[in-house]
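Letter by letter, the chains look like this.
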Amino acid sequence: MADQKSIEDMTFKEASIELEQIVRSLEAGDLELEESLERYGRGVELLRSLRERLSNAEQKVRVLLDEAGETTVTTDTASAPSTAYLDD
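Residues numbered from 1 in each chain as written. Predicted model: local features only at pLDDT ≥ 70, side-chain atom pairs only at ≥ 80, totals over all residues. Heavy atoms only, no water.

Observations regarding the overall build of the chain
Then step 1. Secondary structure assignment for the chain yields two helices and zero strands.
Then step 2. Here the chain holds 88 residues, and 16% of them are scored as buried.
Then step 3. For the chain, restricting intrachain contacts to residue pairs at least 6 apart in sequence, the fraction spanning at least 24 positions comes to 66%.
Then step 4. Element-wise, carbon and sulfur atoms account for 52% of the exposed surface of the chain, whose accessible area totals about 7400 Å². (Helix = DSSP H or I, 4+ residues; strand = E, 2+ residues; numbered from the N terminus. Buried < 20%, exposed > 50% of the residue type's maximum accessible area, 1.4 Å probe, protein only. Contact = heavy atoms within 4.5 Å. Areas by Shrake-Rupley, 256 points an atom, 1.4 Å probe, with all protein chains shown as cover.)

Set out below in structure tokens:
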């Protein structure tokens, strides 16, 4: 894994794909301890970067919505009325 691309130079999608590959390789349990630790560390770095990027994207969306005078709408389906009776 010496030829790894810098996380900062990766797109969100590239980082997500690499993280998924790391998780799969760790779950398989076929790696030596040292390689598992190395991949785990890389995975933590990728996850940290992905979370930061998502947070930044959410902030940008909030700013854009504020500038447009929009409000964010959340959908809470738990409080929605039941439609179970419609098929009866």
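Next, the rest of the story.
Examining helix H2 (residues 33–68)
Then step 1. With 36 residues, H2 extends 52 Å between its outermost C-alpha atoms, agreeing within 8% with the 52 Å of an ideal straight helix rising 1.5 Å per residue.
Then step 2. The set of residues buried in H2 consists of Ser 36, Arg 39, Arg 42, Gly 43, Leu 46, Ser 49 and Leu 50.
Then step 3. Against helix H1 (12–28) lie the buried residues of H2. (Expected span 1.5 Å × (residues − 1).)

Overview of the confidence of the model for the chain
Then step 1. When pLDDT is averaged across the chain, the result is 84; 77% of the residues are at 70 or more.
Then step 2. Predicted confidence for residues 80–88 stays below pLDDT 50, and this span has zero contacts to residues more than four positions away or in other chains. (pLDDT = per-residue confidence, 0-100.)

Brief notes about H1
For an α-helix, the turn length of 3.6 residues means that residues three or four places apart are oriented alike.
Then step 1. Taking 1.5 Å as the rise per residue, H1 with 17 residues should run 24 Å; its terminal C-alpha atoms sit 24 Å apart, in good agreement.
Then step 2. All buried positions along H1 are accounted for by Ala 15, Glu 18, Leu 19, Ile 22 and Ser 25. Looking straight down H1, one finds that the buried residues subtend no more than 125 degrees of arc, so they occupy a single side. Those residues of H1 that are exposed and aimed more than 90 degrees away from the buried face are Lys 13, Gln 21, Arg 24 and Glu 27.
Then step 3. The inward-facing, buried residues of H1 abut H2. (Arc of directions from axis to C-beta.)

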